[in-house]
Amino acid sequence: MSGLRLFHTNGGVREAVPRLAEVEADVQGFVEAHMEALLGVRFLASEYGTGPVHGGRIDSLGLDENGAPVIVEYKRATDAGVINQGLFYLAWLMDHRAEFGHLVRDRLGTTAASQILWSAPRLICVAGDFTRYDVHAVREHRRSIDLVRYRYFGADLFGLETVASVTGPAVTTGVRRRAARPSAVRGRGRALVELAGAVDEVLLGLGEGVTRVQRKQYAAYQRLRNFACLCPPQRTKLLVYLKADPKGVELVPGFTRDVTGLGHHGTGDLEVQLRSESDVERAAELFRLSHAAA
């Protein structure tokens, strides 16, 4: 279980008494309004109809930081049906890829639509709580599913806590130490291949629930959101992009760089340049800082 992350809803904090929402729609409305900050997912549609034959409405549709389709389902409290309901919609989505692609194109543009990562669709269930049976159930499915508990604290704070995170077959989980190294670095110089393997092991080993999603341009390491992206090696170095705030880091020329607003593969505003094992050791605290921020 990951740590609780708190988000301001409307300003100053007056009290911090945990509570559930009055109605499910309150949770859905808040998450949809702040979906990228909360979940690392770009919002696409709310209450998306699945047609007269299927006869359902998907609570929220989105596209995550790596281009993977995302379904988000909400429940005010504990509801044993949320997982099966979400999987029902996920199956519909995989059978209607063209329709989803049109939605992405209309909302986010042709580039985003051409880069949809269909090998790693995700279901995120946001609810007041989950049972141990829910946690067991998601582990029996070959899909990427996140169970996320929410709480309001007083009038001004909204908290999210990952209860369980299970990855599909196309995604590598942090349980597998020394997992296969990112395919993008194979065939490069031996030293950089070994360095990439060391970085991969460190990032996957930062805690339970860390997963790696492989794209052609980078490997993304995520909890609920990306916290690091490892790019294929350049001639003499590896580049890792982190979600750590560059303004809170002492930047070192040739090692760390603020790339806020600059185009690059992957996500994150702090660039870390790695040329040796000692650089990986130097970067370890930055990796942990970014992991905690996610």
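Each chain carries its own residue numbering, running from 1 in the written order of its sequence. Given that the model is predicted, a residue must reach a pLDDT of at least 70 before its local features are reported, and side-chain atom pairs must reach 80 or more before they are shown or counted; all residues, however, enter totals for whole chains, interfaces and linings. For the side-chain quantities, the full set of heavy atoms in the structure was used; hydrogens and water were omitted.

**Quick word on the overall build of the chain**
Along the backbone of the chain there are 9 helices and 15 strands. Under the scheme applied here, a residue whose accessible area is under 20% of the maximum for its type counts as buried, over 50% as exposed, and between as partly exposed, the area being computed with a 1.4 Å probe on protein chains only. Residues counted as buried form 53% of the 294 residues belonging to the chain. Contacts are assigned to residue pairs with any non-hydrogen atoms lying within 4.5 Å of each other. Taking as baseline every contact in the chain between residues at least 6 positions apart, the subset at least 24 positions apart corresponds to 61%. The way it works is that DSSP assigns letters per residue, a run of H or I at least four long becomes a helix, a run of E at least two long becomes a strand, and they are numbered from the N terminus.

**Some points on the confidence of the model for the chain**
Confidence scores here are pLDDT values: one per residue, from the predictor, ranging 0 to 100. Per-residue confidence for the chain gives a mean pLDDT of 88; residues scoring 70 or more make up 88%. Taken together, the stretch residues 175-188 has pLDDT below 50 and engages in 29 contacts with residues farther than four places along the chain or on a different chain.

**What about the packing of aromatic side chains?**
Only Phe, Tyr and Trp rings take part, Trp by its six-membered ring, and two of them pair if their centres are within 6.5 Å. Stacked means planes under 30 degrees apart, edge-to-face means over 60, and tilted covers everything else. On inspection of all chains with the given rule, the structure shows 7 aromatic pairs. The interplanar angle of 50° and the centroid separation of 5.9 Å between the aromatic rings of Phe88 and Tyr89 together place this pair among those described as tilted. Using a relative accessible area of 45% as the deciding quantity, one classes Phe88 as partly exposed. Ring centres 5.6 Å apart and planes at 70° place the aromatic pair Phe100 and Trp118 in the edge-to-face group. With Phe100 in helix H5 (residues 97-108) and Trp118 in the loop between helix H6 (110-114) and strand S6 (122-127), the pair connects residues that are 18 residues apart, well separated along the chain. For Phe100, a relative accessible area of 3% gives the class buried. For Trp118, a relative accessible area of 17% translates into the label buried. One aromatic cluster is present, formed by Phe30, Tyr150, Tyr152 and Phe158 through successive ring pairs. Counted as over-ring charges are cases with an Arg CZ or a Lys NZ within 6 Å of the ring centre that also lie within 35 degrees of the ring normal. For Arg282, the ring lying beneath its charged end belongs to Phe255, and the centroid distance is 3.8 Å.

**Quick notes on the pairing of strand S11 (residues 219-222)**
Residue alternation in S11 divides its side chains into two sets, Ala219 and Tyr221 and Ala220 and Gln222, and both sets are buried. DSSP bridges decide pairing: two strands pair if at least two such bridges lie between them. Sheet topology places strand S10 (residues 211-214) next to S11; 4 bridges connect them, and they run antiparallel. The partner of Val213 across the bridge, within S11, is Ala220. Adjacent in sequence and paired antiparallel, S10 and S11 are bridged by 4 residues. Hairpin connection of S11 to strand S12 (residues 226-230): 3 residues between the antiparallel strands.

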